[in-house]
Every structure is written in structure tokens, then in C-alpha cells.
There are 2 protein chains.
Amino acid sequence: MSYKFDESQPIYLQLIEIFKTYIANGAWKAGEKIESVRNLALDFAVNPNTVQRALVELENIGLAYSQRTTGRFITQNQEKINNLKHEMAENKTRDFVIQMQAIDIEQREILDLVQRCLDSEEITNQQENH
Amino acid sequence: MSYKFDESQPIYLQLIEIFKTYIANGAWKAGEKIESVRNLALDFAVNPNTVQRALVELENIGLAYSQRTTGRFITQNQEKINNLKHEMAENKTRDFVIQMQAIDIEQREILDLVQRCLDSEEITNQQENH
DNA sequence: ATCATTGTATTAAGTGATTAATACAATAAT
DNA sequence: ATTATTGTATTAATCACTTAATACAATGAT
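Residues numbered from 1 in each chain as written. Chains lettered and ligands numbered in written order. Predicted model: local features only at pLDDT ≥ 70, side-chain atom pairs only at ≥ 80, totals over all residues. Heavy atoms only, no water.

K.L.:
So, the protein's contact with DNA strand C: which residues are in play, and what are the values?
P.N.:
What surrounds DNA strand C is a group of 21 residues, the closest being Pro-10, Ile-11 and Thr-69 of chain A together with Arg-68 and Arg-72 of chain B. When atoms of DNA strand C within 4 Å of the protein are sorted by moiety, sugar and phosphate together comprise 61%. With respect to DNA strand C, the side chain of Arg-38 of chain B contributes an N or O atom lying 2.9 Å from a base oxygen. The separation between a sugar or linking oxygen of DNA strand C and a polar main-chain atom of Thr-69 of chain B is 3.5 Å. For the surface near DNA strand C, the secondary-structure elements that each account for two or more residues are helix H1 (11-24) and helix H3 (48-60) of chain A together with helix H2 (37-44), helix H3 (48-60) and strand S3 (71-74) of chain B. Element by element, the count of residues in the surface near DNA strand C is highest for H3 of chain A, at three residues. (Near = heavy atom within 4 Å. Polar contact = N/O pair within 3.5 Å; in protein donor to acceptor, adjacent residues only side chain to side chain. Helix = DSSP H or I, 4+ residues; strand = E, 2+ residues; numbered from the N terminus.)

K.L.:
Can you lay out the interface of chain A and chain B for me, pointing to particular residues and giving the numbers?
P.N.:
Counting residues at the interface gives 34 residues for chain A and 34 residues for chain B. Roughly 3,200 Å² is buried in total at the junction of chain A and chain B, and carbon and sulfur atoms are behind 69% of that figure. Of all residues in chain A, the largest losses of buried area upon contact with chain B belong to Ile-103, Leu-111 and Leu-118 of chain A, amounting jointly to 19% of the total for that side. Here chain A is connected to chain B by two salt bridges. For Asp-104 of chain A, the salt bridge is made with Lys-85 of chain B, and the minimal N-O distance between the two is 3.8 Å. The interface formed by chain A and chain B holds eight residue pairs in polar contact (both at pLDDT 80 or more) in total. Residue assignment for the side of chain A that touches chain B shows that the elements contributing at least two residues are H1, helix H4 (78-102) and helix H5 (107-128) of chain A. (Contact = heavy atoms within 4.5 Å. Buried area = accessible area lost by both parts, 1.4 Å probe. Salt bridge = Lys/Arg side-chain N within 4 Å of Asp/Glu carboxyl O.)

What follows is the structure, encoded as C-alpha cells:
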């Protein structure tokens, strides 16, 4: 696995975002057991304490739960996962729009840029499928 | 002025982003003198050293220059400012699209979310104009 | 000429994130 | 029963960011 972290932000915050992304996109499914703290630490090449800190946050927001010696699991509440996905999507969209308006990009231009970016990504994906 | 900083990221990096935004949206115009390090530090309620660090970075990327005791100025190269704006817009768009695809949002849904967000922002702006 | 303001530099201290090295308790596997 | 693995907790050390308190040199304003 491995991962390139952004040096400008604490790793545990980036891990939270990564784990939430895994849950939102279905890589980690409802009720599924996730890797142990120690294995995740090996995968991401960070200290187990740093992984632990991120996972505790996942529990605090109800996305995971741990059984002392059995392991850690994703919430079995599928609706909670659906909500997570929708909230992440809306938050990211709002942040994006606010940032674009802050640098004085017009509405039509914002939509055009997104459309153009999606088109170029699509071509990339097609190439990868060959 | 004042500002609420994100605790998850170094302030000097956030200042760089803020200053670049000022240049991109025209709040700080080409050739214009900008406030002194000490005044900016007061405005943003941070240490002068932190402002200095951000401004040095602005110089390193050619967006500003300083005259030892006269003050600091925005680049007089308007094209460089135009390029900054375009690059910021494209980078933010690419980051946004990649993040949305990471949480498995379809292309049409991405565009719909942006459109819906723009619509709601527009209503807000209209209300503010009364 | 004098003084205030400018960018710049230096040193020290404090804070938070991270790593490191352990240790403990509970359960599953053997 | 024994062993390995699990989440969890603790303590110390390191590093980067930030603040703080200065100081210096050059220029504009008076």
C-alpha cells in the first residue's frame, strides 16, 4: 500500500480523511473487520500511535467500533455510511466553490473548468483500460 | 481585518494562500505597495516573523519584491498575475475532481452538486444586496 | 540633522505532532 | 494451558512551527 503524506498537515488528520474515504467509496464495507493498528501502521509506514489516534476519531464519530482483543470493525449502520458520503461530497463542493469565488472566477467558468477536468480524466481512464 | 486560521496547518502556509488569493482576485494589484510586515502581523494577529516567512515565499515565486527600507510591492508583471489566477483555478478544480472521484461520486453528480451549490450561493448574494 | 518606519536577522522559549520503546489485559487459536 | 494477536496506555525524546524580544541598516519624512 504505502502513501505519500502532505508535510503541511498532521499525519493523523490525513489518516482520518483517508479512512473516511475508504468507508465512503466502499473499500471498507459496513460491518467489515479492518486491519490491526500494527498492520495499518506498517502499511502506511507510520507509528502505531498515529494510526491509533486516527482510528479513535473514527469511533468518536460513530464510523467504527473496537472489540478489545477481537479487532476493529466498520459500523454496521449502512445509512450512517451513506450520510458520510453525501456530507463529504457536499462539504468538498462547498469548499471548492467558495475557493473559486474567492479568486474571482465566474460561475460559468467554474462549471466549464469542472467539465473540462472531467473530460480529461475520462480520457485518462480510457487509456488506462487498454 | 483579523482572520480565523485552521489549526491543522502552519499559519505561514495559510498566509501564503491568503496573499496569493488577494493577488489573484485583484485586492492587491500589480505594482501596488503592500502593508508593512509589522502591520500585516497586527492585522492577522500573528507574529511578524510568521508574516515575513510567507512574504519571502511570495518573492521566491516572483509575485512580490521588496526594497530594503521603502517597503514591499506586488510584481508589476500583470501576466504573471493572470497566470497565477489560472493556475490556482485549475489546480483547485483538479484537486476537487480527484477528491470527488475518490469517494465514488459520478460525473453527472459532481456537476449537479456544483450547479446546486452555485445556485444557493447566488440566492445568498441576492439577499445580502438588500 | 533627527526621527520614525522599513525589511531583515538572531536567539531563546514554548507548544504540538510524531516517533520510539515498552507494557498490560483480554481473547482467539493452538 | 499456552501462545500469539488484539486494542490500549504510558513515558521520553525529537522536530517543526510559532512566539517573543531584540537589534541592525537604510530610507523617507520632519
